[in-house]
Amino acid sequence: MPVPSLSMSWAGYDRHGQAIPKLKGAPAYLNKQLVDFKTGLRLDPLMQSQVSALTAQQLQDVALFYSQQEIPNLSAN
């Protein structure tokens with residue numbers, strides 16, 4: 001299991017044991033990930049196709065939107 005960075009809050013782990021970051025309140029973190037997909041520093045064909053046409057401002061807007069979303073309580077079901 002990966003050891004999460006101390007500078008990032010973690011929501012838990014997914015079914016593959018990968019750490020899941022808490023995205024709420026982390027627009028800078030999200031923006032960096034989106035920029036990395038756009039520039040090819042992170043490789044994922046789906047994500048790269050989603051961000052390829054977005055401007056820097058649009059990437060910031062997307063990051064801000066997702067950083068404001070509530071984390072659903074999936075254990076309540």
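Everything that follows concerns the structure shown earlier in this document.
Residues numbered from 1 in each chain as written. Predicted model: local features only at pLDDT ≥ 70, side-chain atom pairs only at ≥ 80, totals over all residues. Heavy atoms only, no water.

Novice: Hey, could you go over the overall build of the protein for me, with residue numbers and the actual values?
Specialist: Helix and strand content of the protein: three helices and two strands. The helix and strand sequence of the protein, counted from the amino end, reads β-β-α-α-α. For the protein, with 77 residues in total, the buried portion stands at 19%. The contacts in the protein between residues at least 6 apart in sequence include a share of 31% that link residues at least 24 apart. As displayed, the protein offers around 5,900 Å² of accessible surface, 59% of which is attributable to carbon and sulfur atoms. (Helix = DSSP H or I, 4+ residues; strand = E, 2+ residues; numbered from the N terminus. Buried < 20%, exposed > 50% of the residue type's maximum accessible area, 1.4 Å probe, protein only. Contact = heavy atoms within 4.5 Å. Areas by Shrake-Rupley, 256 points an atom, 1.4 Å probe, with all protein chains shown as cover.)

Novice: Let's hear about the environment of K24: which residues, and what values?
Specialist: Relative to the helices and strands, K24 resides in the loop between β2 (19–21) and α1 (27–39). Each C-alpha atom, one on K24 and one on F65, is 9.3 Å from the other, the two residues being 41 residues apart in sequence. Not counting residues within four places of it along the chain, the set of residues in contact with K24 comprises S67, Q68, Q69 and E70.

Novice: So what about the packing of aromatic side chains? Which residues, and what values?
Specialist: Taken as a whole, this structure holds one aromatic pair when the rule is applied. Measuring from centroid to centroid gives 5.0 Å for F65 and Y66, while their planes differ by 85 degrees, and the two rings are edge-to-face. Given the relative accessible area of 47%, Y66 is considered partly exposed. (Phe/Tyr/Trp six-rings, centres within 6.5 Å; stacked < 30°, edge-to-face > 60°.)

Novice: Which residues make up the environment of G40, and what values do they have?
Specialist: Along the polypeptide, G40 turns up in the loop between α1 and α2 (45–51). On the accessibility criterion, G40 (30% relative accessible area) is partly exposed. For the pair G40 and S52, spaced 12 residues apart in the sequence, the C-alpha separation amounts to 9.8 Å.

Novice: Describe the side chain of D36, with residues and values.
Specialist: In this fold, D36 is placed in helix α1. The exposure class of D36 is buried, given its relative accessible area of 9%. Residues contacting D36, with those up to four places away along its chain left out, are L41 and R42.

Novice: Just give me the short version of α1, but keep the residues and values in it.
Specialist: Along its 13 residues, α1 runs 18 Å from first to last C-alpha, staying within 8% of the 18 Å computed at 1.5 Å per residue. For α1, every residue scored as buried is listed here: L30, N31, Q33, L34, D36 and F37. For α1, the secondary structure elements touched by its buried residues are α2 and α3 (56–67). Just beyond α1, the residue with positive phi is G40, at close to 90 degrees. (Expected span 1.5 Å × (residues − 1).)

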